[in-house]
4 protein chains.
Amino acid sequence: MNLHAAAGTGNAMGALTNAVVAHSPLVITAGQQVRDQVGAEVMLANVGAPELARPLVKWSAEPLAARDVPRSISQAAHLAALAPAGPVYVSVPYDDWAQDAGAAAAHLAARHTSTAGGLPPETLAELVAALDTARSPVLVLGPDVDTAQVRAGAEIGVVQLAERLSAPVWIAPSASRCPFPTRHPAFRGVLPASIAGIARAVAGHDLVVVIGAPVFRYHQYEPGDYLPEGTRLLHITCDPGEAARAPMGDAIVADIGQAVRALSDAVAPAARPAPDPRDLPPVPDDDGSGRLDPATVLAAVAQGAPHDAIFVKESTSTTAMVFDHLDLTLPGSYYFPAAGGLGFGLPAAVGVQLAQPGRRVVALVGDGSANYGITALWTAAQHRVPVVFVILNNGTYAALRSFVNHMGVSGTPGIDIPGIDFVALAQGYGVSARRVSDVGQLREALAEALASEAPTLIEVPTTPTDPLAP
Amino acid sequence: MNLHAAAGTGNAMGALTNAVVAHSPLVITAGQQVRDQVGAEVMLANVGAPELARPLVKWSAEPLAARDVPRSISQAAHLAALAPAGPVYVSVPYDDWAQDAGAAAAHLAARHTSTAGGLPPETLAELVAALDTARSPVLVLGPDVDTAQVRAGAEIGVVQLAERLSAPVWIAPSASRCPFPTRHPAFRGVLPASIAGIARAVAGHDLVVVIGAPVFRYHQYEPGDYLPEGTRLLHITCDPGEAARAPMGDAIVADIGQAVRALSDAVAPAARPAPDPRDLPPVPDDDGSGRLDPATVLAAVAQGAPHDAIFVKESTSTTAMVFDHLDLTLPGSYYFPAAGGLGFGLPAAVGVQLAQPGRRVVALVGDGSANYGITALWTAAQHRVPVVFVILNNGTYAALRSFVNHMGVSGTPGIDIPGIDFVALAQGYGVSARRVSDVGQLREALAEALASEAPTLIEVPTTPTDPLAP
Amino acid sequence: MNLHAAAGTGNAMGALTNAVVAHSPLVITAGQQVRDQVGAEVMLANVGAPELARPLVKWSAEPLAARDVPRSISQAAHLAALAPAGPVYVSVPYDDWAQDAGAAAAHLAARHTSTAGGLPPETLAELVAALDTARSPVLVLGPDVDTAQVRAGAEIGVVQLAERLSAPVWIAPSASRCPFPTRHPAFRGVLPASIAGIARAVAGHDLVVVIGAPVFRYHQYEPGDYLPEGTRLLHITCDPGEAARAPMGDAIVADIGQAVRALSDAVAPAARPAPDPRDLPPVPDDDGSGRLDPATVLAAVAQGAPHDAIFVKESTSTTAMVFDHLDLTLPGSYYFPAAGGLGFGLPAAVGVQLAQPGRRVVALVGDGSANYGITALWTAAQHRVPVVFVILNNGTYAALRSFVNHMGVSGTPGIDIPGIDFVALAQGYGVSARRVSDVGQLREALAEALASEAPTLIEVPTTPTDPLAP
Amino acid sequence: MNLHAAAGTGNAMGALTNAVVAHSPLVITAGQQVRDQVGAEVMLANVGAPELARPLVKWSAEPLAARDVPRSISQAAHLAALAPAGPVYVSVPYDDWAQDAGAAAAHLAARHTSTAGGLPPETLAELVAALDTARSPVLVLGPDVDTAQVRAGAEIGVVQLAERLSAPVWIAPSASRCPFPTRHPAFRGVLPASIAGIARAVAGHDLVVVIGAPVFRYHQYEPGDYLPEGTRLLHITCDPGEAARAPMGDAIVADIGQAVRALSDAVAPAARPAPDPRDLPPVPDDDGSGRLDPATVLAAVAQGAPHDAIFVKESTSTTAMVFDHLDLTLPGSYYFPAAGGLGFGLPAAVGVQLAQPGRRVVALVGDGSANYGITALWTAAQHRVPVVFVILNNGTYAALRSFVNHMGVSGTPGIDIPGIDFVALAQGYGVSARRVSDVGQLREALAEALASEAPTLIEVPTTPTDPLAP
């Protein structure tokens, strides 16, 4: 990604909060004024450029000479991708582009770097022993598991690991990816995002194995003991920072793929029965009011979307619900802003669709969220990126409203979002759009959208939900 | 301003580039997770909060204890306003709001701070001597002069100073405010924004007096000598940083208002004749093509707008033109993004209109710029902020196109902006809107908008201009 | 000052803590590797150089091009000296020194910058009214008052101000300079360094006027109300940061010299009687034990030293005592580490002596402190800098011991300092040295040292003191 | 390590330059004022504490609440040790020590973290293939190889790897540890520290395998191609930063021990003949002048020291020489300041001796270097740490003198170091000391020192050397 000096960098920094938490291997270059004019703070100088992007990048630099620009960009690219992956930032002064790269640059183009994160035999043996002797292990999987190599079911991967262990599987809290097939009988949904909530959820298990997630990305503050008495936690992560900062458990920094493959191959099939599938909540009927329950929307979308659809979601009040209603069997089927930084949904949907032309992207975005990044519709129209944008319009910041209610506060300003006509906005940017008021219209609009090769927006009036309700 | 933790801060950082350069005394507080959960990087934790806002703020902090929050916010408020004013940032953890402020907080509410920046007698005498003995002095005024106290004409102020000196007056380059009446015969417009360009513009003057601006905020790079041979430069600024980093001239850090009042009172009336008014370019006629020349738009707006209208402008390809066509006699009549950070125009217009309910704000915003901050229209509609939004839609980033042409580059991507219907967008946000295609319709639409108590958007198709043309 | 890349900068950073608090206008340049090798982190590269010196400097930079080095060093020099003065840091790559400075550098050599910090008439009138109508004002003076212009007695200055007001005068706590003649009858010594202690000390006064100090640089934590009920505090400082962060009182950022001269000239002579001189503690007799009380040492030194001697002191357990026993009538007579950063005494004594060849410097340094910067003796010897180094050797970190005792802790390690022979160390560096064991020998050694044109060290075994004793 | 707030941290920062480059797993805690007093900048407050230690630490933090202090220190300890190891910094406010740690702290004490850096099978196979098919491979080993597990000879390790490959072995430039037995016939000494110098040294080899070092820590700037035409470079490192920033070659981030063991086990024994031992320079005779050649000193020390002696060296002008004359067969036998930050030798010798009570430490320190950390002698005396301090006193900064000569500069100030009597200094600190003037006295003094259980200093007048001589 290339950004425009200080202001362009500034405009991108909200989105960077998600990128850094998501371990996105993103190389950012930024424009800069002419080298000898920056210190005088001329117009568009990015004074203190390397400092600007911090702490939202892994690494940030501005080469001291044009001759070091090629090596610096090479360093950025390698560093972004090496474990743990993340965004990096390089500021390049304007006049450097007219300089010769020098003969040494040829070495850079040929470079290859990689991380060897294999479990040593003794570590593998210890982990296998812990899993084989556990009375009741449970798996907690995080976003770094959501890759084709690791999720694969029939082959070696987390599905086989769960099946061999006869263990239930949760998604780590504040889930930004879906690391396990949501229709699998062992699947238990997403963990609650509080200290006490997680301890309650894993009660009864003597061993919690967390793979590919921090321990844990709590959200609401409900203190308590971090683990039930007598429960052990093992943590496999690609990120030394996650390993070091966790408040409990033993951690191994490893390549997730190598570790999962080795474990799923080495653990003994458990004698215990496989977990029963969980009971899912019923899908509410369309009550004819013109507003649909979000669960009804999700169920209709799940039914109408192709099996390999990708869901980019930014509807913060329905976070847990998607894992009940969507079929997320394939890897890379679900994206949510990893740091909760709003404005993610519309542009990320466009980006994922560009990256995955062979699958269809459905964006499920709340009205509050959509407004942060509305101009992504223009990009979709201009480049004919065939995203199906579903706007769940409940006219409020329902997640905030829920917090406000639970805290007993009254008169909170700024949580209503009246008066936005997303159909008009879409048309202003050249995207076909339609508002639907019952589930039949929704199904019809969805089918039309999927039949089109152009982007389409469907605005669905929805009823507010309370994500903190028990 | 209160921002939401890291992502909210990130979203604001593009705008902060303008605020810091504009010396805006802005106190920003930011949300933060529960104190003892931040280090573990839970969801929405702003890890390294004070570092995040740098280097775009004067000061950034996160109090180490709830008990120090009141004093820290007090410190922020005083520091933001003390010379040189600027934005400051304080991160306040969630749980602090439930703590008692302590008895010491009573002292804080009563505090008053100020800066004594008066010229000592010997300094004043030296400056007056330099001005009185100059053969041909010229004044260059910057944004920090644009206050009621300093600009005042009949009384003591820069107008009297210019008249006593019989000196021409320029605006410093990259002008974000208008510090002098544009209809005054001594007014010469805005200086070009290059080293050689300024040297050419002040050639023939033996003394350049710069007040309330950096020396200088160059933009395009055209090297040369910083000053003509034999020309002296004196610089009066409220900002020690500006004083220290200038490449030439003598600088005095002072209170602009006190300094201007003292100087305008003390200089002797010059014997030379007053400068003649400059020749202004003619206003192009409407050629009936359905697209208007921006100068035609500006002239029509100048004619139709009330005498005390405030213009918030973000049309980067017509920067110099506004000082030819708009009557900016009153202080506080003109606002442009100080750092060139786009996305300023629409939200700033709403903000200025809220701050100045007794004057009418006209936003003059290019299509490229408007799209960065389009949601400001929703705020205007919801709060019935009666800005007249004039969108100069030339379908291109004309400033970039101009650079590209002058550099002889072909095939540059991303500089066209086709397919945006601003009328539809405005309607999507609840703002009345109309597209006009000739100057008569423009005058009519403007009159209607000014007669309304609600916000209105007028989209005007315009012809591209070349700001780098000689 | 020029430092060697990262390690040299690191070695200086302890001392920088004092420099930044002392408002020392210090320009630091640092070596750096060849420009295009720094990013690759070759040996002696200072990676992230501008960040290294922070937050202990006002400003830190590394020019992006050789051509901007002259302007950057100019910026550094001006910024260091502009109010509030402080250290600045510029990293200069190795290969830049071989480049041509360019024609623009000629402008830099001619630049002059200054700060106009005069009180505007209305502010002066308000201050004078407050002083004239106060029932019982008290002055608290800080290190920024300790300049020749401000302290002057018979003329306009703080002495005249105190005399006209008939007000007692304290030194602000944690005093690093002496801003008032210690033999003047109005002088009251140094304020205690705790919240409650200061409130007790100023009880009975309705107006506290603090000039040239932060409000306040507390040290030990004894909470309480910041001011007695009904007492007002006015604060005149050269530092906006000090003004903004104070927990109470009204503050004016001004040039200290201009403000004091204006006030001392404008206040009306008070009708109240002048304050009586305070009672000073007696000087303990030499008890013949071979160890002297520090007060005895100070009294003997005060008696033997020339009237214009300069005392550089770093004996943290005798901080208050010096203002009882030393005659500090002239400006610039006393230097103490402003941030309490040890290692200051010996090198600062050498530096002050080099800066003031016409006055004689006596260093009064504790054994614990001396050891931090012992190599300064070598510099003194090599350059024949005629400092009289008096080492008060009580064999302990008495300030720490005092804290430990008051906190009731036992068995604290590391607070004894046995087994250092300062006479041998001095001889190892080529400085004449002598150990004395009674007051007669001390007087004799002092006379000899003052008669010599070379540096001399006098080691005096002393008894430990308890600076926290009531 | 615990440091005293800002000044204590500042004093340590020179040494931190070495620690960070050396991958030293160092947990630094720092004192801080009372939480709610820091913002007001009271005496000894460490304002901006986390920023102060940067960029010389891997991680720096100040917990936002007392309750997060235990987890923060736990995080620091784990992060310091996880690959790549390095120093970390935690500031802990004064009042936190009186708070209860909370029940959650029990989890922290039980935590264990580790890094799984094993080579995956396909990576191992590729490396082995490259080594097995190389015509003439060469090994370059760095400081991270210098551990017992990796260096071991008869067993699996770098010695076996070198022997199986019949490859010569160099030490990477700017060597801070010794990773290979200096008496082994395959050993070639330390690579020169310039781009062109290394290319010359590896000319003729088709494969360069660098293990446990950056590629490369150049020092003097002699540009050229980074590698001979047709030479491939493979790099195995524990540090992603080293992998990413290298200007050439392919890199694998791995656990050095696991990688070396896997490789030495898997490569096929080469058919080529083993490298012949290199010719070593002769040891100069004592010429009776009273000054010894440093090589004569090293040879005498090598002969007199026990076989398992540890050498801590800081004589920058004899860097290459030690690998000719010292027998460094055992792991952990050699320590040099990794960043070239002077002041390392004396204190590091004390530290290593405390850590290795079963082996005898000999410090080989130049006079210029010794003076930076002279007070370490006092620590040695007080704790009876039996280091043998050998001061090579040539009266000059010979490394600088050498640079100055090669650059053809005359009149450079500050490179002579006359007039220091190290025997007197040692005695001042309570360390037995002796000056020797011929090789017989040196042998005798060394034998006496080694026979003593207390520290001893031997000052040896030496002749200056020219490390840049061909």
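Anything mentioned here points back to the structure above.
Let me begin by describing the structure that accompanies this report.

## Describing the pattern of salt bridges
A side chain with one charge can pair with a side chain of the opposite charge if their charged atoms come near.
Right, so step 1: On inspection of all chains with the given rule, the structure shows 56 salt bridges over all chains.
Right, so step 2: The shortest N-O distance in the salt bridge between Arg54(B) and Glu51(D) comes to 3.4 Å. You can see Arg54(B) sitting in the loop between helix 2 (49-52) and strand 3 (59-61) and its partner Glu51(D) sitting in helix 2 (residues 49-52), one on each of two chains.
Right, so step 3: For the salt bridge of Arg71(D) with Asp68(D), the shortest nitrogen-to-oxygen distance reads 2.9 Å.

## Brief notes about the interface of chain A and chain B
Right, so step 1: Between chain A and chain B, the residue contacts involve 60 residues of the former and 60 residues of the latter.
Right, so step 2: By the criterion of area lost to chain B, the three top residues of chain A are Met43(A), Arg245(A) and Trp378(A), representing 14% of everything that side buries.
Right, so step 3: At the boundary of chain A and chain B, one finds two salt bridges.
Right, so step 4: We note a salt bridge from Arg245(A) to Glu41(B), for which the minimum N-O separation is 3.2 Å.
Right, so step 5: Where chain A packs against chain B, one counts 19 residue pairs in polar contact (both at pLDDT 80 or more).
Right, so step 6: Breaking the side of chain A that touches chain B down by element, the ones donating at least two residues are helix 1 (5-21), helix 2 (49-52), helix 15 (376-382) and helix 17 (422-428) of chain A.
Right, so step 7: Considering each element in turn, the side of chain A that touches chain B owes the most residues, eight residues, to helix 1 of chain A.

## Notes on helix 1 (residues 5-21) of chain B
Residue and element names in this part refer to chain B.
Right, so step 1: Under the 1.5 Å per step criterion, the end-to-end length of helix 1 is 23 Å for 17 residues, consistent within 8% with the ideal 24 Å.
Right, so step 2: The principal kink in helix 1, of about 55 degrees, is found at Gly14.
Right, so step 3: His23 occupies a position one or two residues after helix 1 and carries a positive phi of about 55 degrees.

## Points about the nonpolar core
Side chains of a nonpolar character, in soluble globular proteins, are inclined to be buried together.
Residues and elements named next belong to chain D.
Right, so step 1: One finds Leu139, Phe180, Ile211, Phe311, Phe323, Leu364 and Ile458 to be the most contacted residues of the largest nonpolar core, which totals 69 residues.
Right, so step 2: By residue number, the principal contributor to this core is helix 18 (residues 439-451), which donates six residues.
Right, so step 3: Those residues in contact with Phe323 that lie beyond four places of it in its chain are Ile171, Ala175, Cys178, Thr182, Phe187, Val190, Arg278, Leu328 and Tyr334.

## Considering the sheet that holds strand 15 (residues 388-393) of chain B
Residues and elements named next belong to chain B.
Right, so step 1: Overall, parallel pairing links the six strands, which are arranged 13-12-14-15-17-16 in an open sheet. At either margin of the open sheet sits one strand with a lone partner, and together these are strand 13 (334-335) and strand 16 (432-435).
Right, so step 2: Relative to strand 14 (residues 361-366), strand 12 (residues 310-314) is paired through five bridges, and the arrangement is parallel. The residue of strand 14 that forms the bridge with Lys313 is Leu364.

## A few points about the packing of helix 7 (residues 158-165) of chain A against helix 10 (residues 256-266) of chain A
Residue and element names in this part refer to chain A.
Right, so step 1: Contact pair helix 7 / helix 10: the axes reach a minimum separation of 9 Å and the direction vectors enclose 30 degrees. Between helix 7 and helix 10, the angle is such that the two are roughly parallel. By crossing handedness, the relation of helix 7 to helix 10 is classed as left-handed. For the pair formed by helix 7 and helix 10, the contact residues are Val158, Gln160, Leu161 and Arg164 on the first element and Val260, Leu263, Ser264, Asp265 and Ala266 on the second.
Right, so step 2: Residue composition of the contact of helix 7 with helix 10, grouped by class: five nonpolar, two polar and two charged.

## Quick word on the relation of the copies chain A and chain B
What connects the two chain copies is a rotation about an axis and a shift along it.
Right, so step 1: The transform that puts chain A on chain B rotates by 180 degrees and translates by 0.0 Å along the axis, for an RMSD of 0.0 Å. Such values leave the two copies arranged in the relation of a two-fold axis. Using C-alpha coordinates, one finds that chain A approaches the rotation axis most closely at Leu425(A), a distance of 2.4 Å.
Right, so step 2: A high fraction, 100%, of the interface residues of chain A reappear at the interface in chain B, so the copies pair face to face through one surface.

Rules of the game
Per chain, residues are indexed from 1 in the order of the written sequence. The order in which chains are written sets their letters, starting at A; the order in which ligands are written sets their numbers, starting at 1. Local features in this predicted model are restricted to residues of pLDDT 70 or higher, and side-chain atom pairs are both shown and tallied only at a pLDDT of 80 or more, whereas totals for entire chains, interfaces and linings draw on every residue. Side-chain metrics rest on all non-hydrogen atoms present in the structure, leaving aside hydrogens and water. What makes a salt bridge here is a side-chain nitrogen of Lys or Arg within 4 Å of a carboxyl oxygen of Asp or Glu, nothing more. For helices the rule is a DSSP run of H or I covering at least 4 residues; for strands it is a run of E covering at least 2, with both sets numbered from the N terminus onward. Note on definitions: a residue-residue contact is assigned when non-hydrogen atoms from the two residues lie within 4.5 Å. Buried area is a sum: the accessible area each of two parts loses on coming together, probed at 1.4 Å, counted once for each and added. We call two N or O atoms a polar contact when they sit within 3.5 Å, provided that within protein one can donate a hydrogen and the other can accept it, with sequence-adjacent residues counted only if both atoms are side-chain atoms. Given the number of residues in a helix, its expected span is that number minus one, multiplied by 1.5 Å. In this scheme, the bend at a residue equals the angle between the axes fitted to the seven residues that finish there and the seven that begin there. In this description, a nonpolar core means a group of buried Ala, Val, Leu, Ile, Met, Phe, Trp, Tyr and Cys residues linked to one another through side-chain atoms lying within 4.5 Å. Per-residue accessibility, obtained with a 1.4 Å probe over protein chains only, is compared with the maximum for each type, and a residue is labelled buried under 20%, exposed over 50%, and partly exposed between these values. Between any two strands, at least two bridges found by DSSP are needed for them to pair. Fitted lines through C-alpha atoms give the axes, limited to the stretch in contact for helices. The angle between two N-to-C directions lies from 0 to 180 degrees. Orientation labels follow simple angle bins: below 35 degrees gives roughly parallel, above 145 gives roughly antiparallel, 65 to 115 gives roughly perpendicular, and whatever is left gives oblique. By definition, turning the near helix anticlockwise from the far helix through less than a right angle yields a left-handed crossing, and turning it clockwise yields a right-handed one. Here the term charged refers only to Asp, Glu, Lys and Arg, the term nonpolar to Ala, Val, Leu, Ile, Met, Phe, Trp, Tyr, Cys and Pro, and the term polar to all other amino acids, Gly among them. Only residues with pLDDT of at least 70 in both copies contribute their C-alpha atoms to the least-squares superposition of the copies.

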